[in-house]
Amino acid sequence: MDDRTVHPLEYVAILRRRRHWFLVPFAVSVAAGAAIAWLWPETYRSSATITVEAPAVSPDLVAALEPAERIRALSQQLRSPAVLERVAREEQLTLDQPVEEAVRDLRERVTVEIPRPIARTEGTPELNAFEIVYRDRTAERTRRIANRLAHVFVEEHSRAREIGRASCRERV
């Protein structure tokens, strides 16, 4: 058996002989990354944070919902046809396409997310705020539509709560 020791300079010589094995993949990776960055369309993200007020009734009377269930309910309210159609009309998204297509496009670009808490709390975190996130290709339009979504959502939600309160008063 040959117990030959390898001198560190031999490793340098091997790297010099095989430098194209390292340089070619590196150059191809840099070129591919630059091409993707150049050709990929810009996408802007705008969000509106909405705080949720705790119920004014006893927790025994109201069934507590898990945060995931509350997010799902809020997302369904936000993505309802009434809210999205109103936003599409107010932002004049229906000028060049039918209302149904504008609503479908809005529905694909809107998400509801929970913001990271600023401070840690003991126990399970409560849902006291959520973000309406809108993504689009122009910054100004993205900002405008996110603000409009938040505004319309709050108005529709408040209107629904007032109708619910009125019907409760009529029953009592």
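Residues numbered from 1 in each chain as written. Predicted model: local features only at pLDDT ≥ 70, side-chain atom pairs only at ≥ 80, totals over all residues. Heavy atoms only, no water.

(A) Highlighting the packing of helix α1 (residues 8–17) against helix α2 (residues 19–39). Running from N to C, α1 and α2 point in directions that differ by 50°, and their axes come no closer than 4 Å. When the axes of α1 and α2 are compared, the pair comes out oblique. Here α1 contributes L15, R16 and R17 to the contact with α2, which in turn contributes R19, H20 and F22. For the contact of α1 with α2, the residue count by class is 2 nonpolar, 1 polar and 3 charged. (Axes fitted to C-alpha atoms, helices over the stretch in contact; angles between N-to-C directions. Helix = DSSP H or I, 4+ residues; strand = E, 2+ residues; numbered from the N terminus. Parallel < 35°, antiparallel > 145°, perpendicular 65-115°, else oblique. Contact = heavy atoms within 4.5 Å. Nonpolar A, V, L, I, M, F, W, Y, C, P; charged D, E, K, R; others polar.)

(B) Summary view of the pairing of strand β3 (residues 129–136). Within β3, 7 of the 8 residues are buried, which leaves it mostly tucked inside the rest of the structure. In this structure, strand β1 (residues 44–51) lies alongside β3, joined through 8 bridges in antiparallel fashion. Following the sheet pairing, Y44 is matched in β3 by D136. Bridge count between strand β2 (residues 110–113) and β3: 4 bridges; the pairing is antiparallel. Counterpart to V110 in the pairing with β3 is Y134. (Buried < 20%, exposed > 50% of the residue type's maximum accessible area, 1.4 Å probe, protein only. Pairing = 2+ DSSP bridges.)

(C) Region of the structure containing the sheet that holds β2. Strand order in the open sheet formed by 3 strands is β1-β3-β2, and the pairing between neighbours is antiparallel. Edge positions in the open sheet fall to β1 and β2, since each of these has one partner strand only. Each adjacent strand pair in this sheet contributes to an overall mean axis angle of 25°, direction not counted.

(D) Expanded view of helix α5 (residues 99–109). Residues V99, A102, V103, D105 and L106 constitute the buried set of α5. In a view along the axis of α5, the buried residues occupy a sector of 160°, so they form one face of it. α5 presents E100 and E108 as exposed residues on the side facing more than 90 degrees away from its buried surface. (Arc of directions from axis to C-beta.)

(E) Main features of a nonpolar patch on the surface. A cluster of nonpolar side chains, namely V6, Y11 and I14, defines an oily patch on the protein surface of about 280 Å² accessible area. Following the sequence through the fold, I14 ends up in helix α1. In this structure I14 comes out as partly exposed when scored by relative accessible area, which is 37%. (Patch = residues over 30% accessible without salt bridge, like charges linked within 9 Å, V, L, I, M, F, W, Y side chains within 5 Å. Areas by Shrake-Rupley, 256 points an atom, 1.4 Å probe, with all protein chains shown as cover. Salt bridge = Lys/Arg side-chain N within 4 Å of Asp/Glu carboxyl O.)

(F) Molecular detail of the pattern of salt bridges. In total, this model carries 16 salt bridges according to the counting rule given. E155 is the salt-bridge partner of R86, the closest N and O atoms lying 2.2 Å from each other. On the criterion of sequence distance, the pair formed by R86 in helix α4 (residues 81–90) and E155 in helix α6 (residues 139–171) is long-range, its members being 69 residues apart. Here R86 falls in the partly exposed class, since its relative accessible area comes to 21%. The exposure class assigned to E155 is partly exposed, which follows from its relative accessible area of 27%.

(G) Just the packing of aromatic side chains, in detail. Within the structure shown, the criterion is met by 1 aromatic pair. Between F130 and F153, the ring centres sit 5.7 Å apart and the planes meet at 85°, which makes this aromatic pair edge-to-face. You can see F130 sitting in strand β3 and its partner F153 sitting in helix α6, a full 23 residues away along the chain. Residue F130 shares its accessibility class with F153, and that shared class is buried. Between the NZ or CZ atom of R18 and the centre of the ring of W21, over which it lies, the distance is 5.1 Å. (Phe/Tyr/Trp six-rings, centres within 6.5 Å; stacked < 30°, edge-to-face > 60°. Lys NZ or Arg CZ within 6 Å of the ring centre and 35° of its normal.)

Keep in mind these values describe shape, not function.
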